[in-house]
Amino acid sequence: MPRLAANLTMMYTEHPFLDRFAAAASDGFQGVEFLFPYDYAAADIQARLRDYGLTQALFNAPPGDWAAGERGIASLPGREDEFLRGLDQALEYAAQLGNRSLHVMAGLIRPEQDRAAHREVYVKNLAHAARIAATAGITVVIEPINTRDIPGFFLNRQDDAQAICKEVGADNLKVQFDCYHCQIVEGDIAKKLERDMAGIGHIQIAGVPDRHEPDVGELNYPYLFDRIDALGYTSWIGCEYRPKAGTRAGLGWAQPYLARR
């Protein structure tokens with residue numbers, strides 16, 4: 001039975017951010033995730049989690065200048081100090097919000113840039129991040145993202161992400177397996193889950209190709225949920241999709257898995 005976490009960056013956008021926690025809880029979600037908490041005091045988010053009995057599943061470390069188009073800095077040469085400062089900030093938030101997973105975004109690379117140099121920086125930064133996060137009992141996750149949604153993103157394939165984790169060699173560095181991104185780049189979702197499950201730290205879902213509800217599009221999520229259960233995954237599954245209409249109106253797919261309150 002999947003443990004679903006509502007992604008409050010994409011879902012419940014009909015409400016102000018801090019009101020989305022109550023909306024998710026009222027629909028039966030017991031976990032939440034979102035991209036970034038840094039526009040809000042950690043204490044304010046912590047209060048919403050406590051008041052509505054929610055578990056924080058995941059958020060992202062600071063990504064650089066998001067408004068200017070940056071999508072992470074972990075692989076960017078020359079940004080190492082900024083990356084570590086951002087990691088410290090993320091861990092301060094995690095200490096209050098209670099999540100045990102933290103997503104670190106790789107960043108963008110232009111065609112003329114040296115991929116080997118970016119990879120070297122990425123591996124070193126991830127090794128530092130895993131070592132520091134381990135002292136807080138937190139798993140760092142890295143996510144392959146398709147280049148249709150984020151052109152130029154450094155990390156795109158599951159096998160590459162798994163190889164990077166193996167190269168770093170830290171027990172608390174794993175892959176964030178987003179079924180939406182994987183289907184667009186590679187397909188063969190069930191077999192990749194089977195191949196890589198030991199190295200997967202977080203799973204996310206959305207309909208393909210339009211990133212709407214999981215019951216819209218080309219993926220059979222009831223089948224995938226059964227496979228995920230059979231493979232022994234018991235952590236959160238993040239619902240990182242854009243509702244086609246109102247969030248609540250599109251939750252029919254989730255009713256068998258949600259605890260009504």
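This text gives an overview of the structure that appears in the document. It should be emphasised that the depicted structure is a prediction, and the values quoted were computed from it without experimental measurement.

Strand order in this closed barrel of eight strands is S1-S2-S3-S4-S5-S6-S7-S8, and the pairing throughout is parallel. Averaged over all adjacent pairs, the angle separating strand axes in this sheet is 30 degrees, with direction ignored. In this sheet, strand S3 (residues 55–60) lies alongside strand S2 (residues 31–33) in parallel orientation, the contact comprising three bridges. When the sheet's bridge partners are listed, Glu33 is paired in S3 with Leu58. Contacting S3 and strand S4 (101–103), helix H3 (residues 80–97) crosses the sheet at an angle of about 170 degrees to S3.

Turning to the nonpolar core, a few remarks are in order. Residues Leu4, Phe21, Phe29 and Ile203 are the most contacted members of the largest nonpolar core, which totals 82 residues. By residue number, the principal contributor to this core is H3, which donates seven residues. In this structure, Ala5, Ala57, Leu58 and Val141 belong to the second largest nonpolar core, which totals five residues.

Another point: the packing of aromatic side chains. Across all of its chains, the model carries 13 aromatic pairs by this definition. The interplanar angle of 25 degrees and the centroid separation of 4.8 Å between the aromatic rings of Phe17 and Tyr40 together place this pair among those described as stacked. Of this pair, Phe17 sits in the loop between strand S1 (3–7) and helix H1 (20–26) while Tyr40 sits in the loop between S2 and helix H2 (42–51); the two residues are 23 residues apart in sequence, bridging distant segments of the chain. Given a relative accessible area of 30%, Tyr40 falls into the partly exposed group.

Where charged atoms from two side chains of opposite charge approach closely, those side chains can pair. Across all of its chains, the model carries 18 salt bridges by this definition. Of the charged contacts, one joins Glu70 and Arg79 as a salt bridge, the two residues approaching to 2.8 Å between their closest N and O atoms. For Glu82, the salt bridge identified is with Arg79, shortest N-O distance 2.6 Å.

It is worth spelling out the environment of Tyr257 at this point. Along the chain, Tyr257 turns up in the segment after strand S8 (236–239). Separated by 250 residues in sequence, Tyr257 and Asn7 place their C-alpha atoms 16 Å apart. Each residue touching Tyr257, except ones within four places of it in the same chain, is listed here: Met1, Pro2, Leu4, Pro222 and Phe225.

This part is about the environment of Pro62. Tracing the sequence through the fold places Pro62 in the loop between S3 and H3. Judged by relative accessible area, which is 21%, Pro62 ranks as partly exposed. Each C-alpha atom, one on Pro62 and one on Met10, is 18 Å from the other, the two residues being 52 residues apart in sequence. When neighbours within four sequence positions are excluded, Pro62 is seen to be in contact with Tyr38, Gly86, Gln89 and Ala90.

This paragraph deals with the packing of helix H7 (residues 189–196) against helix H8 (residues 221–230). Where H7 contacts H8, the axes come no closer than 10 Å and their chain directions differ by 15 degrees. On the basis of their axis angle, the class for H7 and H8 is roughly parallel. Every pair of crossing elements has a handedness; the one defined by H7 and H8 is right-handed. Only Tyr223, Leu224, Arg227 and Ile228 of H8 make contact with H7, whose side of the interface consists of Ile189, Ala190, Leu193 and Glu194. Here the contact of H7 with H8 is built from residues that sort into six nonpolar, no polar and two charged.

Rules used in this analysis
Residues numbered from 1 in each chain as written. Predicted model: local features only at pLDDT ≥ 70, side-chain atom pairs only at ≥ 80, totals over all residues. Heavy atoms only, no water. Pairing = 2+ DSSP bridges. Helix = DSSP H or I, 4+ residues; strand = E, 2+ residues; numbered from the N terminus. Axes fitted to C-alpha atoms, helices over the stretch in contact; angles between N-to-C directions. Contact = heavy atoms within 4.5 Å. Core = buried A, V, L, I, M, F, W, Y, C linked by side-chain atoms within 4.5 Å. Buried < 20%, exposed > 50% of the residue type's maximum accessible area, 1.4 Å probe, protein only. Phe/Tyr/Trp six-rings, centres within 6.5 Å; stacked < 30°, edge-to-face > 60°. Salt bridge = Lys/Arg side-chain N within 4 Å of Asp/Glu carboxyl O. Parallel < 35°, antiparallel > 145°, perpendicular 65-115°, else oblique. Left-handed = near helix turned anticlockwise from the far one by under 90°. Nonpolar A, V, L, I, M, F, W, Y, C, P; charged D, E, K, R; others polar.

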